[in-house]
Amino acid sequence: MPFHRRGFLGRIFSGSAALSAAAPSPVPAPFETPDLGKLQPRLTDGVKEFQLTAEVVTAEIAPGRMLTAWGYNGSVPGPTMEVNEGDRVRVVFRNHLPEPTAVHWHGFEVPHTQDGSVGLGQDPTPPGGTHIYEFTLNQTNTCFYHSHFPMQEMMGAIGFFLIHPRRPAVPRVDRDYGLILQEWDLRPNNPVPNSLAMEFNWLTFNGKSGPDCTPMVVRQGERVRIRLLNMGMDHHPVHLHGFQFMMTATEGGRLPEALWYPQNTVLVGVAQVREIEFEAKYLGEWMLHCHLPHHMMNNMFPMAGPMSHGAGHWPQDDAERKKVPGYPQDMWMPDDDPYSHKPENFGLRRSWSAAMGGMMTLLRVVTPETYAKIEELRRNPPPRKAPSNPHEHHQGGAK
Ligand SMILES: [Cu+2]
C-alpha cells in the first residue's frame, strides 16, 4: 500500500518538477561548501531519494590533529543535501551508531511525524535500524539536518540541507558559500571530543581549523553570499576583513531588501543561520573568522598564557621577558608547508598560515590571472608535502 501511494504521489510531483524546470529563471550560482562533499539523490518515481547513514567518522581537522566524531556518510559535518522548492524528498536513513538516534529536519515545514523529534513524532531508530523520512518541500530557507539527541549534536552530527528557490533571489549572486561552525574539546592524545565540555580548544568551519580551512577564492567584482550555520554551545561573532556586507537572510528565510543592514561582524547564534552578501570589490586576502579571542586559536588550552610557561613552547633564554607581567601570551611560528599543496592557497604571502587559527578561513579576491592559475592547479593538483614536524602545526595566532 505505501508503495502504491508513493508511486502515485511520485508521478504527480514528477510532473510539477518538470513544469517548474520549464519556467524561465536565471540559473542559480552553485552552492559551495569548502572541505565538505555533497550527497547526491537518486530520482525514483519523481522523488529525490537520499541514502543517509549516521556513523562514526575519523577526520583530520588540522595537520596531525585527528578527530573521531559522529557524522554522516563518512563526513563530519555530514555531506550537503540540495533540492529544489517543490521537490518531493525521501531520505532512507540508517543508524550505524551504537545507540538510538533520529534525524531532525531543522527549519522544515513537514508533518510532525517526519520532523525527527523522538518520542513525539517517531520512535528512535535503534542501532542497525532504518527509518524512512518523506516530505514535500514548499519553502526556500537554508535548512539543516542534525541528530535530535543533544550529546550526538556535540559529537558533530549535523549537515546543510539547502532548498533552492524556483526563482533565484535578486540580485543574483555569482558565488554561494556555506560554512558550518562547530567547536570541540580535544584533550592530548585523544581524538574523541569531550561532548560535556563548556570550553573548547578546537574550532572549525566545515570540519577544518584555520589555516587548514580551504579558502573561498572569488574573482574581483563577483557578488558573494556566505551562509553561516552555527551548531554548538556558543554564539559566534563572525567578522570579515576589508568589506561591509549586508545581512540578507536568517534561518527563517530571506529578508526584504528594506530590512537588510550593513555589518562587518555578524552574530550567529546557536541553531541559527545568517546569510551575508557583498560585492568582492577589493583584491586581497581577507580573513573571515569568529572574533571571540579564544576561538581564533588552536589547541589553546595547554598553550596560551603564563600558566603554560615551562611547557617547552617558549624560548628558554627569556629571563628579561619573564619580568613583563603577563608574558607570554601569543606566539608566531610560521610554517606554510602543510598547506602548500592546496591549489586555493597558491600565491599567498610567505608566513600567511601563522596568522590563521581556529574558526578562521580566507576570502581571496584575486585577479583573473591568479584565478586561472588556481583553476589549473585544481585540475592538476601538486603532491602533498608531509609535515616537517607535526608538533609545530597546532599553534594559532589570531588577528
Ligand atoms: Cu566563536
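Residues numbered from 1 in each chain as written. Predicted model: local features only at pLDDT ≥ 70, side-chain atom pairs only at ≥ 80, totals over all residues.

Novice: What is the right way to look at the overall build of the protein in this model?
Specialist: A tally of helices and strands in the protein yields 5 helices and 22 strands. The long-range fraction of contacts in the protein, counting pairs at least 24 apart against all pairs at least 6 apart in sequence, stands at 76%. (Helix = DSSP H or I, 4+ residues; strand = E, 2+ residues; numbered from the N terminus. Contact = placed C-beta atoms within 7 Å.)

Novice: It is not clear to me how the sheet that holds strand β22 (residues 360-366) should be interpreted in this structure. Could you clarify?
Specialist: The sheet built from 5 strands is open, its strands ordered β13-β22-β21-β15-β19 with mixed pairing. Only two strands of the sheet have a single partner each, and these edge strands are β13 (216-219) and β19 (265-268). The mean angle between the axes of side-by-side strands here comes to 20°, regardless of whether they run parallel or antiparallel. Against the sheet, helix α5 (residues 368-379) engages β13 and β22, with an angle of about 135° to β13. (Pairing = 2+ DSSP bridges. Axes fitted to C-alpha atoms, helices over the stretch in contact; angles between N-to-C directions.)

Novice: What should I look at first to understand the environment of F245 in this one?
Specialist: Tracing the backbone shows F245 in strand β16 (residues 245-250). Taking the C-alpha atoms as reference points, F245 and V224, 21 residues apart in sequence, are found 9.5 Å from one another. Sequence-distant contacts of F245, defined by excluding residues within four places in its chain, comprise L240, Q263, N264, I276, E277 and F278.

Novice: Sorry, what's going on with the confidence of the model for the protein here?
Specialist: It should be kept in mind that the predicted coordinates are not to be read in detail where pLDDT is low. When the pLDDT values of the protein are averaged, the result is 88; 85% of them are 70 or greater. When the criterion is pLDDT under 50, residues 1-24 qualifies, and its contacts beyond four places in sequence or with other chains add up to 24 contacts. Per-residue pLDDT stays below 50 along residues 390-399; that stretch engages in 36 contacts with residues further than four places along the chain or on separate chains. (pLDDT = per-residue confidence, 0-100.)

Novice: Would you mind going over the environment of G74 with me for this structure?
Specialist: Positionally, G74 belongs in the loop between β4 (65-72) and β5 (81-84). Sequence separation of G74 and A59 is 15 residues, and the distance between their C-alpha atoms is 8.8 Å.

Novice: In this structure, what is going on with the environment of A69? I would like to understand it.
Specialist: Mapping A69 onto the fold places it in strand β4. Apart from residues no more than four positions distant in its own chain, A69 is found in contact with V57, A59, V76, M155, G156 and P193.

Novice: I keep staring at the sheet that holds strand β7 (residues 103-106) and nothing clicks. Help me out?
Specialist: Sheets are built from strands that pair by backbone hydrogen bonding, the pairs being arranged parallel or antiparallel. With mixed pairing, 4 strands are arranged side by side in an open sheet as β5-β10-β9-β7. Pairing within the sheet leaves two strands with one partner each, and these edge strands are β5 and β7. Taking the axes of each pair of neighbouring strands and ignoring which way they run, one obtains an average angle of 20° across the sheet. Bridge count for β7 against strand β9 (residues 142-147) is 4 bridges, and the pairing is antiparallel. From the neighbouring strand, W105 faces β9, where its bridge partner is Y145.

Novice: In this structure, what is going on with unusual backbone geometry? I would like to understand it.
Specialist: Most peptide bonds take the trans form, and the phi angle of most residues other than glycine is negative. In this structure, the amide linkage connecting V170 to the following residue, P171, adopts the cis form with an omega of -5°. One can find P171 in the loop between β10 (158-164) and β11 (175-184). Phi at N73 takes a positive value of approximately 50°, unusual for a residue other than glycine. Along the chain, N73 falls in the loop between β4 and β5. Note on N73: 19 C-beta atoms within 10 Å, which makes it partly exposed. One non-glycine residue, A271, adopts positive backbone phi at about 70°. (Buried ≥ 20, exposed ≤ 12 C-beta atoms within 10 Å, placed from the backbone.)

Novice: What should I look at first to understand α5 in this one?
Specialist: For an α-helix the count is 3.6 residues per turn, leaving residues at separations of three or four pointing the same way. For α5, spanning 12 residues, the distance from its first C-alpha to its last is 17 Å, which sits close to the expected 16 Å at 1.5 Å a residue. In terms of burial, α5 is a largely surface element, 0 of the 12 residues being buried. (Expected span 1.5 Å × (residues − 1).)

Novice: Would you take a moment to explain the nonpolar core for this structure?
Specialist: Across soluble globular proteins, you tend to see nonpolar side chains buried next to one another. Judged by nonpolar contacts, the single largest core of 73 residues is most densely connected at I180, L181, L228 and L229. Here the element with the most residues in this core is strand β3 (residues 47-62); it accounts for 7 residues. Each of domain 1 (2-171) and domain 2 (178-307 + 325-392) accounts for three or more of the residues forming this core. (Core = buried A, V, L, I, M, F, W, Y, C linked by C-beta atoms within 7 Å. Domains from an automatic or database assignment.)

Novice: When you look at the pairing of β3 in this model, what are you seeing that I'm missing?
Specialist: Every other side chain in a regular strand lies on the same face of the sheet, so the side chains alternate between the two faces. Across 3 bridges, the pairing between strand β2 (residues 42-44) and β3 is antiparallel. Each residue of the ladder has a partner; that of T44, found in β3, is V47. If you look at the hairpin formed by β2 and β3, you'll find 2 residues sitting between the two strands, and D45 has a positive phi there, around 50°. The pairing of β3 with strand β6 (residues 88-95) spans 7 bridges and is classified as parallel. If you follow L52 over to β6, its bridge partner there is F93.

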